[in-house]
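# Inside the fold
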Amino acid sequence: MASETQTLTYKVTDYKSEAHNDWCPGCGDFGILSALQHTLADLQLDPWRVAVCSGIGCSSKTPHFVRTYGVHTLHGRSLPFAAGLKLANPSLEVIVVGGDGDGYGIGVGHFVHAGRRNVDLTYIVHNNEVYGLTKGQASPTLQQGLQPKSLPAPNVLQGVNPLAMALSAGYTFVARSYAFDAKHLRATLTAAIRHRGMALVDVLQPCPTYNDLHDKEYFAELVEIEGRKVPRVYHIEDEGYDGKVADPNDEREVQFKLRAAFERVMRHEERAALGVFFQVRRPTFDERLARAIPALGAGGPAALRIADASGRPTTDLSSLVREYLV
Ligand code: SF4
Ligand code: MG
């Protein structure tokens, strides 16, 4: 993060676009967008070295509002686009943004396999438990039996736990934050972007238009635990929890921290636990490829020579083409 005395090249406004924003007043998406723009300024990332990639949904409009490269892709398909961007140009900081319906519903296959690959990406999921853009149907994270005002009857489906899915899929950074906890969200996004590997930041995001159960007031409430009134939203690090693996080569430590993270994210509680549940440095997809196929060299697939100095392709596909000639 830039220190206060450092001369800053980029200000927060440098990451703001002028595109018209039609999110509803009070939407948690505004908090996440602002935290992202502040984080990019904190990290002093050149806007031309950042690409924000999204799927479909209210939050997936984010690339239009951030003045960097951006790709607004297909429903549930942001992760493969982002992985392609990163593999083709490893010097880009690729940030993926989308909703819970986009990422954990139609995109859940890509969500799982992105963890297995461990491409160096940051995935920010705006989790509001509904499909906001299409009028508030239950999303995969809405728990069974809950009935926000947009549903005609309580949800009959079991809700998924995205953090547990990420842990089991191989994500090497798994965190939760809250749209209106600006300081925490900014610090979490900073850590996720700095992390080398596949990072998930699931962000609790009030949707005041369709989800009246988990709105801003709900998250601001005090809850009673063992006779004491405590804030609903709390930080696990304040309770001494440390999910970061200090020595990735120590498999016992890795397994210990992974089990602790599973226990923590599966806990049933009235409170909303925020923090980094698990973090480990594991070889990324390009590093694994370079090890498995030494001919690729240290630069991975992106460094493969595909043309000579005059631009003539060095890859000969003629035998492949001949195979398909009729
Ligand atoms: Fe935000 Fe919900 Fe409105 Fe979408 S429908 S912009 S998620 S408040
Ligand atoms: Mg949603």
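Summary of the structure given here. Everything numeric in this text was worked out from a predicted model, so none of it was measured.

### Concerning the pairing of strand 4 (residues 122-127)
With 6 of 6 residues buried, strand 4 is to be regarded as a mostly interior element. Across 6 bridges, the pairing between strand 4 and strand 8 (residues 199-204) is parallel. Residue Val125 lies in a different strand from strand 8, and its bridge partner there is Asp202.

### Looking at helix 9 (residues 251-266)
Here helix 9 is 16 residues long and its end C-alpha atoms lie 22 Å apart, about the 22 Å a rise of 1.5 Å per residue gives. Of all the residues in helix 9, the buried ones are Glu253, Val254, Lys257, Leu258, Ala261, Arg264 and Val265. One side of helix 9 carries all its buried residues, which in axial view fall inside an arc of 130°. Exposed residues on helix 9 whose side chains face more than 90 degrees from its buried face are Arg252, Phe256 and Arg259. Residues of helix 9 that are buried make contact with helix 6 (162-169), strand 11 (233-235) and strand 12 (272-279). The residue sitting at the N-terminus of helix 9 and contributing the capping side-chain oxygen is Asp250; that oxygen lies 3.1 Å from the backbone nitrogen of Arg252.

### Examining helix 3 (residues 78-88)
Owing to its 3.6 residues per turn, the α-helix aligns residues three or four sequence positions apart on the same side. Turning to helix 3, its buried residues number three or more, namely Ser78, Leu79, Ala82, Ala83 and Lys86. The buried residues of helix 3 occupy an angular sector of 130° when projected down its axis, which confines them to one face. Elements in contact with the buried residues of helix 3: strand 1 (50-54), strand 3 (93-99), helix 4 (100-106), helix 5 (108-117) and strand 4.

### Things to note about unusual backbone geometry
Phi angles above zero are rare outside glycine, and Glu129 is one such case at about 70°. Overall, Glu129 belongs to the buried group, its relative accessible area being 12%. Non-glycine residue Lys135 carries a positive phi angle of around 85°. In this structure, Lys135 sits in the loop between strand 5 (130-131) and strand 6 (137-138). Given a relative accessible area of 58%, Lys135 falls into the exposed group.

### Here's the deal with the packing of aromatic side chains
Taken as a whole, this structure holds 10 aromatic pairs when the rule is applied. Between Trp23 and Phe30, the aromatic rings sit 5.3 Å apart at their centres with planes inclined by 80°, giving edge-to-face as the arrangement. Taking relative accessible area as the criterion, Phe30 reaches 34% and is therefore assigned partly exposed. Ring geometry for Tyr218 and Phe219: centres 5.1 Å apart, planes at 80°, overall edge-to-face. Phe219 gets classed as buried once you look at its relative accessible area, which sits at 10%. Among the aromatic side chains, those forming a connected cluster through ring pairs are Tyr104, Phe111, Tyr123 and Tyr171. Sitting above the plane of the Tyr234 ring, Arg271 keeps its charged end 4.1 Å from the centroid.

### Points about the site of ligand 1
Looking at ligand 1, the residues that line it are Trp23, Cys24, Cys27, Cys58, Asn128, Gly132, Gln205, Cys207, Pro208, Thr209 and Tyr210. The class makeup of the residues in the shell around ligand 1 is 7 nonpolar, 4 polar and no charged.

About the cut-offs
- Residues numbered from 1 in each chain as written.
- Chains lettered and ligands numbered in written order.
- Predicted model: local features only at pLDDT ≥ 70, side-chain atom pairs only at ≥ 80, totals over all residues.
- Heavy atoms only, no water.
- Buried < 20%, exposed > 50% of the residue type's maximum accessible area, 1.4 Å probe, protein only.
- Helix = DSSP H or I, 4+ residues; strand = E, 2+ residues; numbered from the N terminus.
- Pairing = 2+ DSSP bridges.
- Expected span 1.5 Å × (residues − 1).
- Arc of directions from axis to C-beta.
- Contact = heavy atoms within 4.5 Å.
- Polar contact = N/O pair within 3.5 Å; in protein donor to acceptor, adjacent residues only side chain to side chain.
- Phe/Tyr/Trp six-rings, centres within 6.5 Å; stacked < 30°, edge-to-face > 60°.
- Lys NZ or Arg CZ within 6 Å of the ring centre and 35° of its normal.
- Near = heavy atom within 4 Å.
- Nonpolar A, V, L, I, M, F, W, Y, C, P; charged D, E, K, R; others polar.

In short, the description is geometric, and any link to function would need to be established separately.
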